[in-house]
Amino acid sequence: MRRGEARPARFSLRRRLVWQFVALSALLVLALFFAVRFAAERASRASQDAVLEAAVISIGDGLRPVDEGLELDLPYATFSMLGAMGDERVFYSLSTDERLITGYENLPPPPGVPGDLSPLFWDADYRGNRLRLAAISRRVLVDTRVEEITVTLGQTRYGQAAIARDTARSSVWIGLGFFVLALPLALWAARSVIRPVDRLAGAVARRGPHDLRPVRHPAPQELLPLVAALNGFITRLRGALALAETFIFEAAHRIRTPLSLVRTEAEIALAETSDEATRQRLRRMVRAIGESSRSANQILDHAMVLYRSDQFSAAPVDFAALSASVLQSVQPIAEMREIDMRAEGLDTACLVPGDDRMIEVALRNILDNALKYSQSEGQVRISLTCREGMATLAVLDEGRGLGPGDEDLTVRFRRGSNVGDIVGSGLGLTIVNEVAAAHGGRFTLQSRAERGTCAILSLPLSDPVSSS
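Residues numbered from 1 in each chain as written. Predicted model: local features only at pLDDT ≥ 70, side-chain atom pairs only at ≥ 80, totals over all residues. Heavy atoms only, no water.

The name an unreviewed UniProt entry gives the chain is histidine kinase, with Paracoccus methylarcula as the organism. The UniProt entry for the chain carries this comment under Subcellular location (unreviewed entry): "Membrane". Turning to the chain, the UniProt annotation filed under Catalytic activity (unreviewed entry) states: "ATP + protein L-histidine = ADP + protein N-phospho-L-histidine." (UniProt positions renumbered as here; feature names shortened; annotations may be inferred.)

Structure below.
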């Protein structure tokens with residue numbers, strides 16, 4: 001990440017879904033509690049009102065005139081019915097507009113005029129108790145005149161409140177049980193929602209580095225925009241890689257051809273001139289052109305290897321035949337310097353899965369290094385062995401070997417400490433190491449006990465082969 005850029009926020013979609021499910025469950029539990037409590041209170045009040053209505057009507061029906069005045073027959077069944085509702089207190093009164101006939105004094109009056117068929121209900125406080133009251137009116141003939149008598153009946157609600165509390169408490173336990181059950185259900189639901197994303201990610205992750213086909217994995221409707229965006233990115237990437245490959249090949253042609261032409265002209269001029277000063281300048285020109293051409297070739301080879309490392313489709317390659325072909329191509333250089341090239345094991349087929357162009361570039365760089373750093377009239381030995389599932393090519397030269405601190409020369413543009421007077425770009429061994437890594441192999445470079453170096457390139461075999 002570049003300095004100054006904001007770090008992208010990280011969050012878990014699965015965790016977010018779980019918390020949303022849990023929060024929704026908690027809200028549902030609270031809603032259940034209040035709904036049950038409200039329903040229980042309404043049900044208890046409705047049942048109490050029904051009992052009070054029957055009781056106050058029964059008391060009103062028990063009121064009748066007699067010669068001495070009024071007679072009230074308080075039915076036993078009425079108070080038994082009220083007592084059946086729990087440990088409640090009952091208050092009653094019979095009164096006219098002017099006086100209390102019987103019952104409790106100062107009982108809260110009704111908020112309106114009660115009817116004679118349906119009672120009037122209201123709540124009020126009386127002697128430190130919260131009462132539910134019902135009142136009904138009766139017209140009675142008393143002493144040759146009709147008087148309207150109000151029958152009022154009140155009852156406490158302690159038992160009803162206790163029933164409502166017990167019902168609400170039961171709803172709380174039911175809600176808590178539902179909440180506890182909701183957590184694993186939330187985890188299961190979140191996992192089910194995320195599973196298509198995981199499957200899509202797994203399908204993309206299982207692809208090889210060179211697989212740039214559009215994604216055709218089944219996906220839910222909500223993921224189709226993501227799949228479409230991913231396929232669009234793959235299409236753009238495929239186009240960019242094709243453009244890069246075209247650029248590498250065109251750059252190789254446009255750089256190598258002019259350099260080869262200039263070098264040829266310089267060598268012709270060197271052969272035709274007899275002036276020593278001019279010849280010295282031409283020699284320096286030829287040398288500089290050679291260095292530039294070599295550096296350009298290796299830079300282009302390195303770019304080609306980087307490009308093909310993620311793109312090549314592995315095919316069987318005869319490692320022995322390819323090594324023999326590269327050895328034959330560098331043989332003229334070895335003969336010019338009178339270097340003896342001896343090969344072993346290149347006459348037996350040794351198949352490795354890979355890209356022949358990349359392996360050829362790696363072999364050319366190994367042999368080129370061996371010739372370049374070997375002394376004239378020296379010897380370079382090449383041996384190929386196929387055993388334990390690996391094809392191992394060892395190149396031993398009699399050159400300068402590794403200098404102090406030259407433990408890892410596969411780093412880009414790093415050269416040995418004792419080869420400053422020899423032309424080189426510092427990319428040859430880097431190319432070899434990257435080719436080996438791309439093919440699942442390895443490359444090592446070490447000093448020989450007597451003198452020179454030993455370069456070893458190992459690549460996995462197509463099939464287990466044991467030969468030497």
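Chemist: How do you make sense of the packing of helix 5 (residues 276–309) against helix 7 (residues 356–373) when you look at a structure like this?
Modeler: Any two packed helices are characterised by how steeply their axes cross, that is the angle between the axes, and by the distance between the axes. Where helix 5 meets helix 7, the closest approach of the two axes is 10 Å, and the angle between their N-to-C directions is 145°. Like other packed secondary-structure pairs, helix 5 and helix 7 cross with a definite hand, here left-handed. Contacts between helix 5 and helix 7 involve Arg294, Gln298, Asp301, Met304, Val305, Arg308 and Ser309 from the former and Arg357, Met358, Val361, Asn365, Asp368, Asn369 and Lys372 from the latter. Per-class residue counts for the contact of helix 5 with helix 7 are four nonpolar, four polar and six charged. (Axes fitted to C-alpha atoms, helices over the stretch in contact; angles between N-to-C directions. Helix = DSSP H or I, 4+ residues; strand = E, 2+ residues; numbered from the N terminus. Left-handed = near helix turned anticlockwise from the far one by under 90°. Contact = heavy atoms within 4.5 Å. Nonpolar A, V, L, I, M, F, W, Y, C, P; charged D, E, K, R; others polar.)

Chemist: Is there a simple way to explain the sheet that holds strand 9 (residues 340–344) in this structure?
Modeler: Backbone hydrogen bonds are what pair the strands of a sheet, in a parallel or an antiparallel way. Here we have five strands laid out as an open sheet, ordered 9-11-12-14-13, and mixed in their pairing. Bordering the open sheet on either side are strand 9 and strand 13 (442–447), each of which pairs with just one other strand. Between one strand axis and the next, the sheet turns by 15° as a mean value, whatever way the strands run. Inspection of the sheet shows strand 12 (residues 390–396) paired to strand 14 (residues 453–460) by seven bridges, in the antiparallel sense. Each residue of the ladder has a partner; that of Val395, found in strand 14, is Ala455. Packed on one face of the sheet, helix 6 (residues 319–336) meets strand 9, strand 11 (379–387), strand 12 and strand 14 and runs near 170° to strand 9. (Pairing = 2+ DSSP bridges.)

Chemist: Looking at this structure, I do not really get the state of the cysteines. What am I missing?
Modeler: By definition, a disulfide is the covalent link that joins the sulfur atoms of two cysteine residues. Counted according to the given criterion, the structure contains one disulfide. With a sulfur-sulfur separation of 2.0 Å, Cys350 is cross-linked through a disulfide to Cys386. Looking down the S-S bond of the Cys350 and Cys386 bridge, the torsion is -125°, so its handedness is left-handed. Within this pair, whereas Cys350 is found in the loop between strand 9 and strand 10 (351–354), its partner Cys386 is found in strand 11, the two being separated by 36 residues in sequence. Residue class for Cys350 comes out buried when judged on its relative accessible area of 2%. (Disulfide = S-S within 2.5 Å. Buried < 20%, exposed > 50% of the residue type's maximum accessible area, 1.4 Å probe, protein only.)

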